[in-house]
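# Architecture at a glance
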Amino acid sequence: GAGVSQSPRYKVAKRGQDVALRCDPISGHVSLFWYQQALGQGPEFLTYFQNEAQLDKSGLPSDRFFAERPEGSVSTLKIQRTQQEDSAVYLCASSLGTSSNSPLHFGNGTRLTVT
Amino acid sequence: AQSVTQLDSQVPVFEEAPVELRCNYSSSVSVYLFWYVQYPNQGLQLLLKYLSGSTLVKGINGFEAEFNKSQTSFHLRKPSVHISDTAEYFCAVSDSGYSTLTFGRGTMLLVSP
């Protein structure tokens, strides 16, 4: 079946522009995560949704970052007034359950380059 | 707070040689431990996980890892590597709550003929 799909695959934005990154999780998956992976680093947690509820947004680096999942399926990560330090790969992951023994399925990510 | 340390940023090895990728963690609570592999321009794929039970965990592609609570380690091993194992490997930890993962910085495994 289809895995986690992210679009666009690549995004180049000029500093100060707003961007929106989309994640289509596996159908029926309750949990959805966003991670940020800077060059040469491991992924870092941004935010977590359980269905449409955003239960944890402690990893969002600033109030320029906003995520939503209004119908409990597709999620969008929005970054306002992009800065060069926002350049990274943004990974989305989903899982069927809500506990740590429910395996995460990752998408291929969106590579954001801010110039 | 949890943290994961992967001391080796790169591990070069010849094909068919054994390899060990090191991972140490710190956590104040019980943990679940994971190894993920990332091929170029792709997302992360789960190799194996430790949740409970036997401390020796076997995963896909011939990899295995051993949970050592006293040394707070979860090293990844393979007895004989292939060229196709060339990739970035990430160790990760989560607590017993929902599955938010804390990742290490990754180790690049470079397999040459």
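Residues numbered from 1 in each chain as written. Chains lettered and ligands numbered in written order. Predicted model: local features only at pLDDT ≥ 70, side-chain atom pairs only at ≥ 80, totals over all residues. Heavy atoms only, no water.

## A look at the pattern of salt bridges
- Applying the stated criterion across every chain, the model contains eight salt bridges over all chains.
- With a shortest N-O distance of 2.7 Å, Arg22(A) and Asp24(A) are connected by a salt bridge.
- Taking the relative accessible area as the measure of exposure, Asp24(A) reaches 25% and is therefore partly exposed.
- Of the charged contacts in the structure, one is a salt bridge between Arg77(B) and Glu66(B), with a shortest N-O distance of 3.6 Å. (Salt bridge = Lys/Arg side-chain N within 4 Å of Asp/Glu carboxyl O. Buried < 20%, exposed > 50% of the residue type's maximum accessible area, 1.4 Å probe, protein only.)

## Thoughts on the interface of chain B and chain A
- At the interface, 23 residues of chain B touch 25 residues of chain A.
- Where chain B abuts chain A, roughly 1,800 Å² becomes buried across the two surfaces, and 51% of that area is made up of carbon and sulfur atoms.
- Across the chain B-chain A interface, the total number found is zero salt bridges.
- At the junction of chain B and chain A, the tally comes to four residue pairs in polar contact (both at pLDDT 80 or more).
- Secondary structure elements with two or more residues in the side of chain B that touches chain A: strand E5 (32–38), strand E6 (44–50) and strand E10 (87–94) of chain B.
- With four residues, E5(B) is the single largest residue contributor to the side of chain B that touches chain A. (Contact = heavy atoms within 4.5 Å. Buried area = accessible area lost by both parts, 1.4 Å probe. Polar contact = N/O pair within 3.5 Å; in protein donor to acceptor, adjacent residues only side chain to side chain. Helix = DSSP H or I, 4+ residues; strand = E, 2+ residues; numbered from the N terminus.)

## Some thoughts on the state of the cysteines
Residue and element names in this part refer to chain B.
- Within the structure shown, the criterion is met by two disulfides over all chains.
- Note that Cys 23 is cross-linked by a disulfide to Cys 91, the S-S spacing being 1.9 Å. Between Cys 23 and Cys 91 the sulfur-sulfur dihedral comes to about -65°; the bridge is accordingly left-handed. Taken together, the residues Cys 23 in the loop between strand E3 (19–21) and strand E4 (24–26) and Cys 91 in strand E10 connect sequence positions 68 residues apart. The burial state of Cys 23 is the same as that of Cys 91; both residues are buried. (Disulfide = S-S within 2.5 Å.)

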